[in-house]
Number of protein chains: 2
Amino acid sequence: MTPADRSRTSEGGEDARVARTRAAVSRAALHVLTHEDSEALTHAHVAEIAGYSKTTLYTHWPSRVDLLKMALDGLGDLPHQTPTGDLRNDVIGELMKFKQAVVELRLDRVLTAMAQSAPVAEVAEVRDHINREAQQPLRTMLTGRFHGAQLEAAISMLAGVVACPSLMFGTVPEDDIIAAAVDLLLRGPTDSASG
Amino acid sequence: MTPADRSRTSEGGEDARVARTRAAVSRAALHVLTHEDSEALTHAHVAEIAGYSKTTLYTHWPSRVDLLKMALDGLGDLPHQTPTGDLRNDVIGELMKFKQAVVELRLDRVLTAMAQSAPVAEVAEVRDHINREAQQPLRTMLTGRFHGAQLEAAISMLAGVVACPSLMFGTVPEDDIIAAAVDLLLRGPTDSASG
């Protein structure tokens, strides 16, 4: 980066303004996606909430898919459990973070919005990426314990403990159900390998 | 039902015509929901596909929620495994039927459409009812083996084996992953109670 580039990206520069606009639109789009019907995700409505003109939005993000991708950008890094090395504790902690993300970030609405728009290949790619990233810590935790079909099954089963009540019944599981799921999965013949 | 009522509901009567209209609109609405974007679920589009006038649709099903409920009506009874008494076999069979419903009926798109519209209380009620009914056979199978938090965990875990890949990655699990999930759940200390 040259000094000239640096000054262009400084606080008052054009790039900084674009970045601020992007951040505001991203936040507004995510808010609409998680707090309203996904049909509310229109240029006019997001522009109003973000405090920018409809023209600005159409210029930078012309399509509805652009708005959806902006909302997903606004999600940022999801909360994850910091591994302690105690498998049971770590997996329960990770599912509690997933539950927290459903309650606080309305991750359930993000998931369904992505799934609904997934027939658009561009959205399917973003969705796959976000969901792969989101599951990575759980996958890493379980890799020492399960492999192959068992590993894939274990990941879906644990994700399902939070995802299924959220997506099918609009609720999150009680903490004792999360613990019961982890104990059901980690008991059995290979238990000695845990911890 | 009086004889007069009976004749009114006969093949050529007014009630039969209404029933035929309802069935056609229901089928068309479900087709749009599962084969197109949920935003395509409009009176004009469903009317065109069903072969009825927009006015007819607005008269009987004035709101968009009405159209969504018609689509869900069109789903009818979901396919289920006929229990044989062999728990492992029955649970695997039930999950295979769920997988089949995702592939053939696009149940994944029905699930996300219901979840997306669930902020409307009326839709949330229908969704809860449909999902409860859909899970009932699995719940019945597992009730002899698990109870309380373990039972709720087990149901979400097994549903998750099909639901999570479908909703998060647009895929269905290979058969060996379904079998691995069932074996992971049914192994362990209480195994002797199975079958």
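Bear in mind that the values here come from a model prediction, so they are computed numbers and not experimental data. (Residues numbered from 1 in each chain as written. Chains lettered and ligands numbered in written order. Predicted model: local features only at pLDDT ≥ 70, side-chain atom pairs only at ≥ 80, totals over all residues. Heavy atoms only, no water.)

### Details of the overall build of chain A
Note the cut-off: Helix numbers and strand numbers start at the N terminus; a helix is a DSSP run of H or I with at least 4 residues, a strand a run of E with at least 2. Buried means the residue's accessible area, taken with a 1.4 Å probe over protein chains only, is under 20% of the maximum for its type, while exposed means over 50%, and partly exposed covers the values in between. Contacts were defined at the residue level, with two residues in contact if any of their heavy atoms lie within 4.5 Å.
Helix and strand counts for chain A come out as ten helices and zero strands. The order of helices and strands in chain A, counted from the N terminus, is α-α-α-α-α-α-α-α-α-α. Here chain A holds 195 residues, and the buried ones make up 49% of them. Contacts in chain A between residues at least 24 apart in sequence constitute 60% of all its contacts with a sequence separation of at least 6.

### Some remarks on the state of the cysteines
As a reminder of what qualifies: Only a pair of cysteine sulfur atoms within 2.5 Å qualifies as a disulfide here.
If you walk through the whole model with that rule in mind, you get zero disulfides over all chains. Here Cys164 of chain A is not cross-linked by a disulfide; its sulfur's nearest cysteine counterpart is in Cys164 of chain B, at 5.1 Å. Cys164 of chain A sits in the buried class, given a relative accessible area of 2%.

### A short note on the relation of the copies chain A and chain B
For clarity, the threshold we go by: Least-squares fitting of one copy onto the other uses the C-alpha atoms of those residues that reach a pLDDT of at least 70 in both copies.
For the pair chain A and chain B, the relating rotation is 180°, the translation along its axis is 0.0 Å, and the fit reaches an RMSD of 0.0 Å. Here the symmetry operator amounts to a two-fold rotation axis.

### Quick look at the side chain of Arg145 of chain A
All names here are of chain A. How we decide: Distance and chemistry together define a polar contact, namely a pair of N or O atoms within 3.5 Å, with one atom able to donate a hydrogen and the other to accept it when in protein, and with adjacent residues in sequence counting only for side-chain atoms on both sides.
Looking at where Arg145 falls in the secondary structure, it is placed in the loop between α8 (121-143) and α9 (148-169). The exposure class assigned to Arg145 is buried, which follows from its relative accessible area of 8%. Separated by 2.4 Å, the side chain of Arg145 and the backbone oxygen of Leu186 make a polar contact.

### With respect to the side chain of Ser26 of chain A
Residue and element names in this part refer to chain A. For Ser26, the location among the structural elements is in helix α2 (residues 14-35). The exposure class assigned to Ser26 is buried, which follows from its relative accessible area of 6%. Setting aside anything within four residues of it in sequence, one finds Ser26 in contact with Met70, Ala71, Asp73 and Gly74.

### Thoughts on the interface of chain A and chain B
Rules: Summed over both partners, buried area is the accessible surface (1.4 Å probe) that two parts give up on being assembled. Note on definitions: salt bridges are taken to be side-chain nitrogens of Lys or Arg within 4 Å of carboxyl oxygens of Asp or Glu. Residue type decides the class: Asp, Glu, Lys and Arg count as charged, Ala, Val, Leu, Ile, Met, Phe, Trp, Tyr, Cys and Pro as nonpolar, and the leftover types, Gly among them, as polar.
Contacts between chain A and chain B engage 47 residues on the former and 47 residues on the latter. Of the roughly 3,900 Å² buried between chain A and chain B, counting both surfaces, carbon and sulfur atoms make up 62%. A salt bridge links Arg64 of chain A to Glu39 of chain B; the shortest N-O distance between them is 3.1 Å. For the side of chain A that touches chain B, the secondary structure elements donating two or more residues are α7 (107-117), α8, α9 and α10 (175-186) of chain A. No other element matches α9 of chain A, which puts 16 residues into the side of chain A that touches chain B. Its residues assigned to classes, the side of chain A that touches chain B comprises 25 nonpolar, twelve polar and ten charged.

### Focus on the nonpolar core
Applied cut-off: Buried Ala, Val, Leu, Ile, Met, Phe, Trp, Tyr and Cys residues form a nonpolar core when they are joined through side-chain atoms within 4.5 Å.
Formed by 124 residues in total, the largest nonpolar core has its most connected members in Val46, Leu142 and Met157 of chain A together with Val46, Phe98, Leu142 and Met157 of chain B. For Leu142 of chain A, the residues in contact, after removing those within four places along its chain, are Val91, Leu151, Ala154, Ile155 and Leu158 of chain A.

### Considering the pattern of salt bridges
Residue and element names in this part refer to chain A. Tallying each qualifying case throughout the model produces 16 salt bridges over all chains. A salt bridge links Asp73 to Arg22, with the shortest nitrogen-to-oxygen separation between them at 3.6 Å. Of this pair, Asp73 sits in helix α5 (residues 64-75) while Arg22 sits in helix α2, and the two are 51 residues apart along the sequence. In this structure, the salt-bridge partner of Asp175 is Lys99, at a minimum N-O distance of 2.6 Å. In this pair, Asp175 sits in helix α10 while Lys99 sits in helix α6 (residues 87-105), placing the two residues 76 residues apart along the sequence.

### A look at the confidence of the model for chain A
Residue and element names in this part refer to chain A. Short version of the rule: How sure the predictor is of each residue is captured by pLDDT, a score from 0 to 100.
Averaged over every residue, the pLDDT of chain A is 89; the share at 70 or more is 90%. Segment residues 190-195: pLDDT under 50, and nine contacts once partners within four positions in sequence are set aside and those in other chains are kept. Predicted complex, confidence summary: ipTM 0.87, pTM 0.88.

### Section: the packing of α9 of chain A against helix α10 (residues 175-186) of chain B
Keep this limit in mind: Interaxial angles span 0 to 180 degrees and are taken between N-to-C directions of axes, which are lines fitted to C-alpha atoms, for helices over the stretch in contact. Any angle from 65 to 115 degrees is called roughly perpendicular, while one under 35 is roughly parallel, one over 145 is roughly antiparallel, and all others are oblique.
At their nearest, the axes of α9 of chain A and α10 of chain B sit 8 Å apart, and the two run at 70° to each other. Taken together, α9 of chain A and α10 of chain B sit at an angle that is classed as roughly perpendicular. Contacts from Ala149, Gln150, Glu152, Ala153, Ala154 and Met157 of chain A of α9 of chain A reach α10 of chain B at Asp176, Ile177, Ala180, Ala181, Leu184 and Leu185 of chain B. Classifying every residue of the contact of α9 of chain A with α10 of chain B by side-chain character gives nine nonpolar, one polar and two charged.

### Side note on α7 of chain A
When you tally the buried positions in α7 of chain A, you get eleven out of eleven residues, the bulk of the element. What α7 of chain A keeps buried is the set Leu107, Asp108, Arg109, Val110, Leu111, Thr112, Ala113, Met114, Ala115, Gln116 and Ser117 of chain A.

### Considering the layout of surface pockets
Residue and element names in this part refer to chain A. Here is the rule: Using protein atoms alone on a 1 Å grid, points that fit a 1.4 Å probe yet trap it form a cavity, whereas open point sets bounded by protein on both sides within 12 Å along at least five of seven lines form a pocket; residues with an atom within 4 Å of a point count as lining. Grid points are joined across faces, edges and corners, and a volume is the space filled by probe spheres set on the points.
Size it by volume and the largest pocket reaches roughly 280 Å³. Residue lining of the largest pocket: 14 residues in total, with Gly76, Asp77, Leu78, Ile130 and Glu133 positioned closest to the centre. Listed by contribution, the elements that provide at least two residues to the lining of the largest pocket are α5 and α8. At six residues, the largest contribution of residues to the lining of the largest pocket is made by α8.

### A few points about helix α2 (residues 14-35) of chain B
The criterion, for reference: To estimate how far a helix should reach, multiply one less than its number of residues by 1.5 Å.
End to end, α2 of chain B covers 31 Å across 22 residues, agreeing with the expected 32 Å (1.5 Å per residue, within 8%). When α2 of chain B is considered as a whole, its buried residues turn out to be Ala16, Thr21, Ala24, Val25, Ser26, Ala28, Ala29, Leu30, Val32, Leu33 and Thr34 of chain B.

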